[in-house]
Structure formats: C-alpha cells, structure tokens
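# Topology and contacts: notes
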Amino acid sequence: MRKTIIILIILSFIRNVCNAQHYEHLTSWNRLLLQKKINDRWEITADVHLRRQNNFSTLNANPFALKLMEGYRITTIYRIKNFALSFAPFLLHTYPLYAKNTDLNRVDRWEIRPSFLGEWSKKLSEKWTFRSRLGYEYRIFKRNNGTWGDEQGRARLRLQMRYSWNKKNTVFVSEEPLYNISPNLPANSFSQ
C-alpha cells in the first residue's frame, strides 16, 4: 500500500510538471523517396522532405498551416555483402517551431548537410533483419548576412529491427540518437 501511494504521488507530480509545459502543437512530416538500383552494388535515391506545423494562434488544429522544414537529398549507395556505404548531401530550409508570439520573430535557416554513412545488416531469420548504421554529418549553415559557415558536426547511430510481414510489407522499429561532435560543439550534447 505504501508503494502505491508513493507511486501515485510521483505520477501526480510528473503530470503537474508536464501540464505546466503543455501547448498544442501538431506537425505533419511527409517524405517522397525515389530509388533506382543501378546494379548489384550501386543504387541512387532522391528524396524530398516537406514538414508543416499548425498555427498556434488559431483554434483550428491544422498541422499543414505553416512551414516547418523543406529538404532535398540525393544519396549514392555502394553495397558489398552485409555492408552499405553512402554519401548523402542534403539541402534543408528549416523554420522555428511556433509556440508563442515571440517565436514569429525567429529567423528561418538554410543548411547544407553532406553525410557519410556506413550500415551493417544481419539477417536473423527468414522474417527478421537487424540493421545498424553509423554516420557523420558535416552541417554548414547560412548566416544572417548571406554567407555560409558556423559549421557543426553530428554523429548518428541508428539501430533497427525489421520484420518482413509479406513480400510487399515490412514493419520496423528504429531508434537513432544524434550526438553533436566537432567542429564547433554547441552547448547540448545530444542533437535529438
């Protein structure tokens, strides 16, 4: 009984803290990817990312009202056995998350992000596959004066389990922490 009361008190505290930070924010993340296999070793992909967000100043919960991000990427992939190496330059145009009126004064940002990634895949059974991807992103930002710089580095580590439901459908669970590294380390260690 004592444990139950302690747990309820902790959950009540957590709920109150979370409510103090709460505001309605809806987003829509959309991606179109085209992929072409050139031969057994080489393939190329092109993808477009379009993300939108709701307008916090209206009661309408429309996740398409305002821009959040536009991104364009072409990826070249080289495969050998269980490994894949890829180079993926990415052009991004990001907008702030709008939650209060002062956010409307924050500037949007352009970024060029060349990425180098290595992926290892292991087929565990006929239906299950494990994938691990490690990569480095070199991020270059457009400054307010129109020049490019303020470079930052970021490491990515993706762990993924895939289940082949049937020939046309795959279900996967994935986690990918992004860790800030040289050059020009920001104050936060984890990027996302």
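For the structure, check the block above.
Before going into details, it helps to say that this report is about the structure given with it. (Residues numbered from 1 in each chain as written. Predicted model: local features only at pLDDT ≥ 70, side-chain atom pairs only at ≥ 80, totals over all residues. Heavy atoms only, no water.)

Right, let's get into the overall build of the protein chain. Helix and strand content of the protein chain: one helix and nine strands. The secondary structure elements of the protein chain, listed N-terminal to C-terminal, are α-β-β-β-β-β-β-β-β-β. Its C-alpha radius of gyration of 21 Å places the protein chain more than 25% over the 16 Å reference for a compact globule of 192 residues. With the C-alpha coordinates of the protein chain rotated into their principal frame, the extents come out at 60 × 55 × 35 Å. (Helix = DSSP H or I, 4+ residues; strand = E, 2+ residues; numbered from the N terminus. Rg over C-alpha atoms; globule rule 2.2 N^0.38 Å.)

As judged from the eleven bridges shared by strand E5 (residues 109–123) and strand E6 (residues 128–142), these two strands associate in the antiparallel manner. Each residue of the ladder has a partner; that of Glu-119, found in E6, is Arg-133. The antiparallel hairpin formed by E5 and E6 contains four residues in its connecting segment. Pairing geometry for E6 and strand E7 (residues 148–164), over 14 bridges, is antiparallel. Counted as the bridge partner of Tyr-136 is Ala-155 from E7. (Pairing = 2+ DSSP bridges.)

Below, the discussion takes up the pattern of salt bridges. Counted by the stated rule, this structure contains 16 salt bridges. Here Arg-133 makes a salt bridge to Glu-176, at a shortest N to O gap of 2.9 Å. Here Glu-176 lies in the loop between strand E8 (170–175) and strand E9 (178–181) and Arg-133 lies in strand E6, a separation of 43 residues in the sequence. In this structure Arg-133 comes out as buried when scored by relative accessible area, which is 17%. Taken together, the shared-partner salt bridges in this structure form one network comprising Glu-111, Arg-113, Arg-133, Glu-137, Arg-139, Arg-154, Arg-156 and Glu-176. (Salt bridge = Lys/Arg side-chain N within 4 Å of Asp/Glu carboxyl O. Buried < 20%, exposed > 50% of the residue type's maximum accessible area, 1.4 Å probe, protein only.)

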